[in-house]
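Single-letter residue listing:
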Amino acid sequence: MKTILRKLITPVTQVHWLADAIFAVIRFVCGMLLAIDFGASKFGMPWTDEGQNLGLFEVAAWFPEDVAAYGGIFAIAPIFFAWMGAFSEAVGGIFLAFGLKTRVASFLIMCTMLTAIFLQKWGQGTWSMLPAMGFLWVATYNLYLGSGRFGLDYLIAKKL
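As for the packing of helix 6 (residues 102–121) against helix 7 (residues 126–145)
For the pair helix 6 and helix 7, interaxial distance at closest approach is 8 Å and the crossing angle is 155°. Classified by the interaxial angle, the pair formed by helix 6 and helix 7 is roughly antiparallel. Between helix 6 and helix 7 the crossing geometry is left-handed. Contact with helix 6, carried on its side by Thr102, Arg103, Ser106, Phe107, Ile109, Met110, Met113, Leu114, Ala116, Ile117 and Lys121, involves Ser128, Met129, Ala132, Met133, Phe135, Leu136, Ala139, Thr140, Asn142, Leu143, Tyr144 and Leu145 of helix 7 and no other residues of that element. Here the contact of helix 6 with helix 7 is built from residues that sort into 16 nonpolar, five polar and two charged.

This is the structure:
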């Protein structure tokens, strides 16, 4: 088990620290944008316009409806898939930004972005797909490389 955890956490470090620093800046900016701008909008605000208390951690009402419109398995459990999408963007984005469980977060982000590209944005043209494609590209190389030497995974791997 410890061997699997070590392989999952241990990042690939580049020959020069500057390359790791550039990857870290890209990882941090994309992770924070994903969490703050895209992921946060999927959660409802604590109070509605009518003054009803929704609770702090409820998915916004519009999001499960959008997910159900994808059809297939998404129509069967739209609330579950809405939570998974919101979680992977908000929490996965924060994890990606700080290089914590980078490969797991990257996998979840990749699944979410592929769903967004093919099921939500496909008919709207390339320009509409660009944000999801950008996050997909960043998540793809982070799935392979991990956090690099400027992430929490690197520090955890050194302790193991």
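This is not the end of the story, as more comes after the structure.
Topic: the layout of surface pockets
In this structure, the largest pocket spans a volume of roughly 520 Å³. Contributing to the lining of the largest pocket are 28 residues, with Phe63, Glu89, Thr112, Met113 and Ala116 lying nearest its centre. Those elements giving two or more residues to the lining of the largest pocket turn out to be helix 2 (17–39), helix 3 (62–68), helix 5 (78–98), helix 6 and helix 7. Examining the composition of the lining of the largest pocket, we find that eight residues originate from one element, helix 6, more than from any other. For the lining of the largest pocket, the class distribution of residues is 16 nonpolar, seven polar and five charged.

Overview of the environment of Ala82
On the secondary structure map, Ala82 appears in helix 5. Separated by 15 residues in the primary sequence, Ala82 and Val67 place their C-alpha atoms 6.3 Å from one another.

Comments concerning the nonpolar core
If you look at the biggest cluster of nonpolar residues, it comprises 14 residues, and the most contacted ones within it are Leu34, Ile109, Met113, Ile117, Ala132, Phe135 and Leu136. At the level of elements, helix 2, helix 6 and helix 7 are the ones that each hand at least two residues to this core. For this core, the element with the highest residue contribution is helix 7, accounting for six residues. Setting aside its immediate chain neighbours within four residues, Ala132 contacts Met113, Ala116 and Ile117.

Digging into the side chain of Asn142
Within the fold, Asn142 resides in helix 7. Reaching out from Asn142, the side chain makes a polar contact with the backbone oxygen of Val138 at a distance of 2.8 Å. Once residues within four sequence positions are removed from consideration, Asn142 is found in contact with Arg27, Leu96, Thr102, Arg103 and Ser106.

Structural notes on the packing of aromatic side chains
Applying the stated criterion to the full structure yields seven aromatic pairs. For the ring pair Phe28 and Phe98, a centre distance of 5.6 Å and an interplane angle of 75° mean the geometry is edge-to-face. Of this pair, Phe28 sits in helix 2 while Phe98 sits in helix 5, and the two are 70 residues apart along the sequence. Residue Phe28 is classed as partly exposed on the basis of its relative accessible area, which comes to 36%.

Conventions we followed
- Residues numbered from 1 in each chain as written.
- Predicted model: local features only at pLDDT ≥ 70, side-chain atom pairs only at ≥ 80, totals over all residues.
- Heavy atoms only, no water.
- Axes fitted to C-alpha atoms, helices over the stretch in contact; angles between N-to-C directions.
- Helix = DSSP H or I, 4+ residues; strand = E, 2+ residues; numbered from the N terminus.
- Parallel < 35°, antiparallel > 145°, perpendicular 65-115°, else oblique.
- Left-handed = near helix turned anticlockwise from the far one by under 90°.
- Contact = heavy atoms within 4.5 Å.
- Nonpolar A, V, L, I, M, F, W, Y, C, P; charged D, E, K, R; others polar.
- 1 Å grid on protein atoms, 1.4 Å probe; cavity = no way out; pocket = protein on both sides within 12 Å on 5 of 7 lines; lining within 4 Å.
- Points joined across faces, edges and corners; volume = space filled by probe spheres on them.
- Core = buried A, V, L, I, M, F, W, Y, C linked by side-chain atoms within 4.5 Å.
- Buried < 20%, exposed > 50% of the residue type's maximum accessible area, 1.4 Å probe, protein only.
- Polar contact = N/O pair within 3.5 Å; in protein donor to acceptor, adjacent residues only side chain to side chain.
- Phe/Tyr/Trp six-rings, centres within 6.5 Å; stacked < 30°, edge-to-face > 60°.

Remember, this is a structural readout, not a statement about activity or role.
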